[in-house]
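Here are the chains, one letter per residue:
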Amino acid sequence: MIKRLALLCCILLLPTIAAAEGTTNYGDFWVGGQLGVVFTPEQDVTVTVPGFFRATGSMKTDPGFSAGGIVGYNFCMPYRQPWERYFGVALDFQWNQFNHPGENFFPKIGGNQFALTFLGRLQYPFMGSERFSRGRIVPFLMFGPSIVWTNSDFSDIGGSSQTSTDFGIVAEVGVEFFVCPNLSIGPSFRYRHVWGPTFEEQGVKIDSSLNQFMVLGRLAWHF
């Protein structure tokens, strides 16, 4: 009797299970690479020698080359309701040059920055079709927290190479152009604020914060 009841329940639930599987949407993974240029306006730097003096000056940073990679996930494929196509997340890793030319009484300092950023994503696809089911043109906005590692070489002033780990915030706006259903290219503009870097060299403490502006070009493959 129990076996017959279980069999009857399976038969009754089978159409519901099949319908659910037919409408299940597992999302859209994508991975990309990017190249660009980083501009860091002159920033205020505070130099402190404990017990002696504290002074603030302006330090210049050269424009730098940038490269990185990104992996993302859009929560729903484009066959669902339109509003479900607007959201996603991404994890971004980026490297950029971070060199100071040695002006305004500051020494020449070479360095690099590395950043790992978790991004939320808002997007709005346009010109979708049966072939370009993700849309043909997709403007997007991404924003989120970042961990930034700044490595600076103080060897020109008799010091060593040091790394500062700091918190940052990132916002990016751009547009994707799908050249084929799975491949997109596009420009973007990224802003990053960093609460740091902070170094201590030969008893001298150096504090700063950065506002950085980046122009990027990205190539991405959508699975």
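Here, every reference points to the structure presented above.
Worth saying up front: this structure is predicted, and the values here are computed from it rather than measured.

*Asks:* Help me get a handle on the packing of aromatic side chains, residues and values and all.
*Replies:* In total, this model carries 11 aromatic pairs according to the counting rule given. An angle of 25 degrees between the planes, with centres 5.2 Å apart, marks the rings of Tyr86 and Tyr124 as stacked. Residue Tyr86 is located in the loop between strand 4 (64-74) and strand 5 (87-97), and its partner Tyr124 is located in the loop between strand 6 (110-123) and strand 7 (137-153); the two are separated by 38 residues in the primary sequence. With a centroid separation of 6.2 Å and an interplanar angle of 25 degrees, the aromatic rings of Phe189 and Phe213 are classed as stacked. In this pair, Phe189 is assigned in strand 9 (residues 183-194) and Phe213 in strand 12 (residues 210-222), connecting sequence segments 24 residues apart. An aromatic cluster of three or more residues is present, and its members are Tyr86, Phe87, Tyr124 and Phe126. The ring of Phe140 carries the charged tip of Arg121 above its face, separated from the ring centre by 4.6 Å.

*Asks:* Explain the pattern of salt bridges to me, using residue names and the numbers behind them.
*Replies:* Throughout the structure, instances matching the rule amount to five salt bridges. Its salt-bridge partner being Asp28, residue Arg134 comes within 3.1 Å of it at the nearest N-O pair. Highlighted residues: Arg134 in the loop between strand 6 and strand 7 and Asp28 in strand 1 (residues 28-39), separated in sequence by 106 residues. No difference in accessibility class separates Arg134 from Asp28, as the two residues are buried. Taking the shortest distance from any N to any O, the salt bridge between Arg190 and Asp92 comes out at 3.1 Å. Highlighted residues: Arg190 in strand 9 and Asp92 in strand 5, separated in sequence by 98 residues. Residues Arg190 and Asp92 agree in their burial class; the two are buried. A single network of salt bridges, built from pairs that share partners, joins Asp92, Glu172, Arg190 and Arg218.

*Asks:* I'd like a description of the pairing of strand 4, backed by residues and values.
*Replies:* Regular strands place side chains that alternate from one sheet face to the opposite one. Bridge count for strand 1 against strand 4 is 11 bridges, and the pairing is antiparallel. If you follow Gly36 over to strand 4, its bridge partner there is Ser66. Alignment of strand 4 against strand 5, held across nine bridges, turns out to be antiparallel. If you follow Gly72 over to strand 5, its bridge partner there is Ala90.

Conventions used here
- Residues numbered from 1 in each chain as written.
- Predicted model: local features only at pLDDT ≥ 70, side-chain atom pairs only at ≥ 80, totals over all residues.
- Heavy atoms only, no water.
- Phe/Tyr/Trp six-rings, centres within 6.5 Å; stacked < 30°, edge-to-face > 60°.
- Helix = DSSP H or I, 4+ residues; strand = E, 2+ residues; numbered from the N terminus.
- Lys NZ or Arg CZ within 6 Å of the ring centre and 35° of its normal.
- Salt bridge = Lys/Arg side-chain N within 4 Å of Asp/Glu carboxyl O.
- Buried < 20%, exposed > 50% of the residue type's maximum accessible area, 1.4 Å probe, protein only.
- Pairing = 2+ DSSP bridges.

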